[in-house]
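Read off the chains here:
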Amino acid sequence: MIKIIPVIHYNNTKQLTSNITTCSKFGLDSVFLIDHAMDNDNLLENARDMKLQFPKMWIGVNLLGVKTIDALQMNLKIDGLWSDQSLTLEEYSDRTFGGLYFGGLAFKYQPQPIDLEEACKNAILTTDVATTSGPGTGKSATFYKLKTIRVHLGEHPMAIASGVDYTNIKQYDDLGIDYALVASSIIDYTNGEEIISDFKLDRLLNSLK
């Protein structure tokens with residue numbers, strides 16, 4: 001079954017703790033953290049603090065503004081790393097990061113591959129989880145694009161990271177996609193903060209039953 005990983009856009013420690021608590025309450029064991037203010041040192045510090053508070057939670061980060069190859073050579077001491085960018089095999093060979101790496105494949109706002117099959121072959125060699133998206137934030141990828149990528153990746157793990165909601169999650173599961181990174185479809189805005197909604201998260205999870 002497809003694994004749901006909520007993406008939490010960091011506002012403050014209280015908001016972060018609340019959202020991870022909600023994820024844990026619903027039986028989810030993985031989250032990705034992003035800070036749109038790009039204070040990555042603070043984000044990493046909070047990620048490590050959350051790991052101490054929630055030791056059974058798998059915690060990854062997306063370090064905005066940091067080149068992927070640089071992030072893969074940092075001593076991050078976290079479970080996972082996600083980047084929208086793709087890498088060449090030469091760049092990837094310098095990796096020292098020991099966690100799970102979600103690397104971009106035909107990802108939104110990135111240069112799109114001329115040959116998707118070749119891009120998939122490269123992703124097999126340069127990612128732990130090849131991660132694609134729709135054309136924009138909150139926009140679903142086409143069924144054709146996802147099916148094509150799934151075929152070319154073979155058994156290599158695959159994630160979808162935009163436009164996932166309760167109306168299409170089952171379809172993605174049926175395609176054999178391994179991970180769904182979700183954000184906008186499960187949140188409410190409270191005092192300018194992104195708070196995961198119990199109702200929306202429960203609805204998404206129930207759509208897989």
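The structure under discussion appears in the preceding block.
Reference entry: report on the structure contained in this document. Everything quoted here is computed from the prediction, not taken from an experiment.

1. Comments concerning helix α6 (residues 143-153)
So, point 1. Among the residues making up α6, those that are buried are Lys-145, Leu-146, Thr-148, Ile-149, Arg-150 and Leu-153.
So, point 2. Here the buried face of α6 lies against α5 (116-126), β6 (129-132), β7 (158-160) and α7 (169-174).
So, point 3. Where α6 terminates, the next one or two residues include Gly-154, which has phi positive at roughly 65°.

2. Details of the pairing of β6
A regular strand places its side chains so that they alternate between the two faces of the sheet.
So, point 1. Residue alternation in β6 divides its side chains into two sets, Val-129 and Thr-131 and Ala-130 and Thr-132, and both sets are buried.
So, point 2. Here three bridges tie strand β5 (residues 100-104) to β6, and the two strands are oriented parallel to one another. Residue Gly-104 lies in a different strand from β6, and its bridge partner there is Thr-131.
So, point 3. Following the chain from β5 across α5 to the adjacent parallel β6, one finds a crossover that is right-handed.

3. Details of helix α1 (residues 13-25)
So, point 1. In this model, α1 (13 residues) spans 18 Å end to end at C-alpha, consistent with the 18 Å of a helix rising 1.5 Å per residue.
So, point 2. Packing partners of the buried residues in α1 comprise β1 (3-9), β2 (30-34), α2 (40-53), β10 (193-196) and α8 (198-206).
So, point 3. N-capping of α1 is provided by Asn-12, with a side-chain oxygen placed 3.2 Å from the backbone N of Lys-14.
So, point 4. Two residues or fewer past α1, Gly-27 is found with a positive phi of approximately 85°.

4. So, the packing of aromatic side chains
So, point 1. Using the criterion set out here, one finds seven aromatic pairs in the structure.
So, point 2. Centre to centre, the rings of Phe-102 and Tyr-179 are 5.1 Å apart; their planes meet at 70°, and the pair counts as edge-to-face. Taken together, the positions of Phe-102 in strand β5 and Tyr-179 in strand β8 (residues 179-182) put the pair 77 residues apart, joining distant regions of the chain.
So, point 3. Among the aromatic residues, ring-to-ring pairing joins Phe-32, Trp-58, Trp-82, Phe-102, Phe-107 and Tyr-179 into one connected group.

5. Thoughts on the nonpolar core
So, point 1. Leu-33, Val-61 and Leu-81 are the most contacted members of the largest nonpolar core, which totals 54 residues.
So, point 2. Counting residues per element, this core draws most heavily on α2, which supplies four residues.
So, point 3. If you look at the next biggest cluster of nonpolar residues, it comprises 14 residues, including Phe-32, Ile-34, Trp-58 and Ala-183.

6. A closer look at the sheet that holds β2
So, point 1. Around the barrel, eight strands lie side by side as β1-β2-β3-β4-β5-β6-β7-β8; this closed barrel has parallel pairing. Averaged over all neighbouring strand pairs, the angle between strand axes comes to 25°, with direction disregarded.
So, point 2. Two strands pair when backbone bridges link them, and strand β3 (residues 58-62) and strand β4 (residues 80-83) are joined in this way by two bridges, in the parallel orientation. Each bridged residue has a counterpart across the sheet, and for Val-61 the counterpart in β4 is Leu-81.
So, point 3. Against the sheet, α1 engages β1 and β2, with an angle of about 165° to β1.

7. Some thoughts on the layout of surface pockets
Gaps left between atoms are located by rolling a probe of water-molecule size over the structure's atoms.
So, point 1. Estimates place the volume of the largest pocket at around 410 Å³.
So, point 2. In this structure, the largest pocket is lined by 24 residues; those nearest its centre are His-9, Trp-82, Lys-108, Thr-137 and Ala-161.
So, point 3. Elements supplying a minimum of two residues to the lining of the largest pocket: β1, β8 and β9 (187-190).
So, point 4. Grouping the amino acids of the lining of the largest pocket by side-chain chemistry returns 12 nonpolar, nine polar and three charged.
So, point 5. Lining the second largest pocket we find 15 residues, and of these Ser-86, Gly-104, Leu-105, Ala-106 and Pro-111 sit closest to its centre.
So, point 6. For the lining of the second largest pocket, the element with the most residues is α5, which contributes four residues.

8. So, the pattern of salt bridges
So, point 1. Evaluated as defined, the whole model comprises nine salt bridges.
So, point 2. Between Lys-200 and Asp-188 there is a salt bridge whose closest N-O contact spans 2.9 Å. You can see Lys-200 sitting in helix α8 and its partner Asp-188 sitting in strand β9, a full 12 residues away along the chain.
So, point 3. With relative accessibility at 22%, the residue Lys-200 sits in the partly exposed group.
So, point 4. Connected via shared salt-bridge partners are Glu-117, Glu-118 and Lys-121.

Conventions we followed
Residues numbered from 1 in each chain as written. Predicted model: local features only at pLDDT ≥ 70, side-chain atom pairs only at ≥ 80, totals over all residues. Heavy atoms only, no water. Buried < 20%, exposed > 50% of the residue type's maximum accessible area, 1.4 Å probe, protein only. Helix = DSSP H or I, 4+ residues; strand = E, 2+ residues; numbered from the N terminus. Contact = heavy atoms within 4.5 Å. Pairing = 2+ DSSP bridges. Right-handed = clockwise from strand over helix to strand, strands pointing away. Expected span 1.5 Å × (residues − 1). Polar contact = N/O pair within 3.5 Å; in protein donor to acceptor, adjacent residues only side chain to side chain. Phe/Tyr/Trp six-rings, centres within 6.5 Å; stacked < 30°, edge-to-face > 60°. Core = buried A, V, L, I, M, F, W, Y, C linked by side-chain atoms within 4.5 Å. Axes fitted to C-alpha atoms, helices over the stretch in contact; angles between N-to-C directions. 1 Å grid on protein atoms, 1.4 Å probe; cavity = no way out; pocket = protein on both sides within 12 Å on 5 of 7 lines; lining within 4 Å. Points joined across faces, edges and corners; volume = space filled by probe spheres on them. Nonpolar A, V, L, I, M, F, W, Y, C, P; charged D, E, K, R; others polar. Salt bridge = Lys/Arg side-chain N within 4 Å of Asp/Glu carboxyl O.

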